[in-house]
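Below, each chain spelled out in residue letters.
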Amino acid sequence: IAFRYVLNNDDPQNLIFLVGLKNIFSKQLPNMPKEYIVRLVFDRRHRSVALLKRNGTVIGGITYRAFHAQAFGEIAFCAVTSHEQVKGYGTRLMNQTKEFARTMDKLTHFLTYADNNAVGYFEKQGFTREVTLERERWQGYIKDYDGGTLMECVMHPRISYTA
Ligand code: ACO
């Protein structure tokens, strides 16, 4: 198992990882329009963390938009392919995503609209329904969306999440 921080920067290998992620999100998040998934995964303001098998196949990932001036990120998609779920990969994926967000993007908070059936997963990853980030720092940056529960995770600038 390996993790890769992936940007759409025209690197052909990164594009292959992003196509793999787009396919997993489309399958695992059937309520999301496919065009919307494609648009965000390939958007240059978004970053992705790809979870890879030893042979390089993408088996899961997280895509988030980094708002650098506000120091927070919005997780758009998070999924692990069906036959690899409940093996602990979702937890490792989130820890690794926090670590990349903290070190590469200097983010202090993640926000996400969690699907109602994924609230339990996000709670186990340290997300709360209470948002402590000042409203001025995020309002207007993320879209209002009533298909889920807004959740927050605080990341300490000096704590390693993968150590
Ligand atoms: N509800 C409650 N608890 C859950 C859920 C869930 N839907 N999924 C996993 N958990 C729990 C597990 O039981 C485990 O608990 P434990 O540590 O006490 O054993 C813990 O969360 C972590 O489990 P992992 O095995 O690490 O997680 P997994 O690899 O299965 O990945 C994930 C979790 C990403 C949610 C996966 O089930 C998935 O892809 N689901 C379908 C797509 C989805 O719903 N994604 C989130 C949508 S919201 C969004 O993307 C913003």
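Preceding this paragraph is the structure being described.
Residues numbered from 1 in each chain as written. Predicted model: local features only at pLDDT ≥ 70, side-chain atom pairs only at ≥ 80, totals over all residues. Heavy atoms only, no water.

**Some thoughts on the packing of aromatic side chains**
As a reminder, the rule being used: Stacked, tilted and edge-to-face are the three classes applied to pairs of Phe, Tyr and Trp rings, where Trp contributes its six-membered ring and a pair requires centres within 6.5 Å; stacked means planes under 30 degrees apart, edge-to-face means over 60, and tilted covers the rest. Helical segments are the DSSP runs of H or I of at least four residues, strand segments are the runs of E of at least two, and each set is numbered from the N terminus. For the exposure calls, accessible area comes from a 1.4 Å probe over protein chains only, and a residue counts as buried if that area is under 20% of its type's maximum, exposed if over 50%, partly exposed in between.
Per the counting criterion, the structure on display carries 9 aromatic pairs. On the numbers, 6.0 Å between centres and 85° between planes, the contact of Tyr36 with Phe77 is edge-to-face. Taken as a pair, Tyr36 in helix α2 (residues 34-42) and Phe77 in strand β4 (residues 72-80) lie far apart in primary sequence, 41 residues in all. The buried category is assigned to Phe77, whose relative accessible area is 1%. Centre to centre, the rings of Tyr121 and Phe122 are 5.2 Å apart; their planes meet at 70°, and the pair counts as edge-to-face. Looking at Tyr121, the relative accessible area reads 23%, which means it is partly exposed. Joined through ring pairs, the aromatic side chains of Phe25, Tyr36 and Phe77 make up one cluster.

**Section: the site of the ligand**
What counts here: Any residue with at least one heavy atom within 4 Å of a molecule or strand is counted as near it. Definition of a polar contact: a pair of N or O atoms within 3.5 Å, with one able to donate and the other able to accept a hydrogen when the atoms are protein atoms, and with sequence-neighbouring residues admitted only if both atoms are side-chain atoms. The accessible surface values rely on the Shrake-Rupley method and a 1.4 Å probe; as for residues, cover is taken only from the protein chains in view. The pocket and cavity definitions rest on a 1 Å grid over protein atoms only: a 1.4 Å probe that fits but cannot leave marks a cavity, an open set with protein on both sides within 12 Å along at least five of seven lines marks a pocket, and residues lining either have an atom within 4 Å of a point. A cavity or pocket is said to hold a molecule if more than half of that molecule's atoms lie within 2 Å of its grid points.
In the region of the ligand, 24 residues are neighbours, and Cys78, Val86, Gly88, Gly90 and Asn117 sit closest. Gly88 places a polar main-chain atom, nitrogen or oxygen, 2.8 Å from an oxygen atom of the ligand. Between Asn117 and the ligand, the recorded distance is 2.6 Å, taken from a backbone N or O atom to a nitrogen atom. Contact with the protein chains covers 73% of the free accessible surface of the ligand, which is 960 Å². Taken atom by atom, the bulk of the ligand overlaps the largest pocket. Going through the elements one at a time, β4, α3 (89-103), β5 (109-114) and α4 (119-124) are the ones with two or more residues in the shell around the ligand.

So, to be careful, I would describe these as geometric facts and stop short of saying anything about function.
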